Amino acid sequence: MNKLKITLEYELNTRSPFIIWNLISTTDGLSNWVANNVEQKDNDIIFTWGEIWGHHEIRYARIVNKEKNRFIRFKWNDDTDDNDYWELRIEQSKETDEYLLIITDFADNDDPDGLKYIWNENMNRLHQASGI
């Protein structure tokens, strides 16, 4: 099934790409805003939502490409379409000099708003956890 490519742009309150890079590329950083727990083994990432001892969901992803302080691209292991991925990219705004987080993801054709809602909630957690 073909999916709809979604690109979301969020302005961050920082002028340091290093701070953003740590939030999007490390297990500690991702645990602050994407999932409750994130573990890494080589290029394999385990995302856990909820508490391990209670109701929870686990998904596995692989880092398929990254460039330090620029972007990191993941692919869910259970995603059957080779063209689907999700990416977290750092760009600097030419107007404000602030940094932007550009999120690219793929939504089912019947639920793009659901995916946007999830990323908006994740960004709320990022702002609360980091202040950026």
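First, a word on scope: everything that follows refers to the structure included in this document. Computed from a predicted model, the values in this text were never measured in an experiment.

1. Some details on the pattern of salt bridges
Thinking step 1. What the rule picks out here adds up to 8 salt bridges.
Thinking step 2. For Asp84, the salt bridge goes to Lys3, with nearest N and O atoms at 4.0 Å. In this pair, Asp84 is assigned in the loop between strand S5 (71–76) and strand S6 (86–92) and Lys3 in strand S1 (residues 3–11), connecting sequence segments 81 residues apart.
Thinking step 3. We classify Asp84 as buried; its relative accessible area is 3%.

2. Focus: the environment of Glu57
Thinking step 1. Within the secondary structure, Glu57 sits in strand S4 (residues 56–67).
Thinking step 2. Contact partners of Glu57, with chain neighbours within four places excluded, come to Phe47, Thr48 and Trp49.

3. Looking at the pairing of S5
Thinking step 1. Counted residue by residue, S5 has 5 buried out of 6 residues, so it is predominantly covered.
Thinking step 2. Examined bridge by bridge, S4 and S5 share 6 bridges and lie antiparallel to one another. Counted as the bridge partner of Lys66 is Ile72 from S5.
Thinking step 3. As consecutive antiparallel partners, S4 and S5 are separated by 3 residues, and within that stretch Asn69 has a phi angle of approximately 65°, a positive value.
Thinking step 4. Alignment of S5 against S6, held across 4 bridges, turns out to be antiparallel. In the sheet register, Phe71 faces S6, and the bridge partner there is Arg89.

Each value, and the rule that gives it
- Residues numbered from 1 in each chain as written.
- Predicted model: local features only at pLDDT ≥ 70, side-chain atom pairs only at ≥ 80, totals over all residues.
- Heavy atoms only, no water.
- Salt bridge = Lys/Arg side-chain N within 4 Å of Asp/Glu carboxyl O.
- Helix = DSSP H or I, 4+ residues; strand = E, 2+ residues; numbered from the N terminus.
- Buried < 20%, exposed > 50% of the residue type's maximum accessible area, 1.4 Å probe, protein only.
- Contact = heavy atoms within 4.5 Å.
- Pairing = 2+ DSSP bridges.

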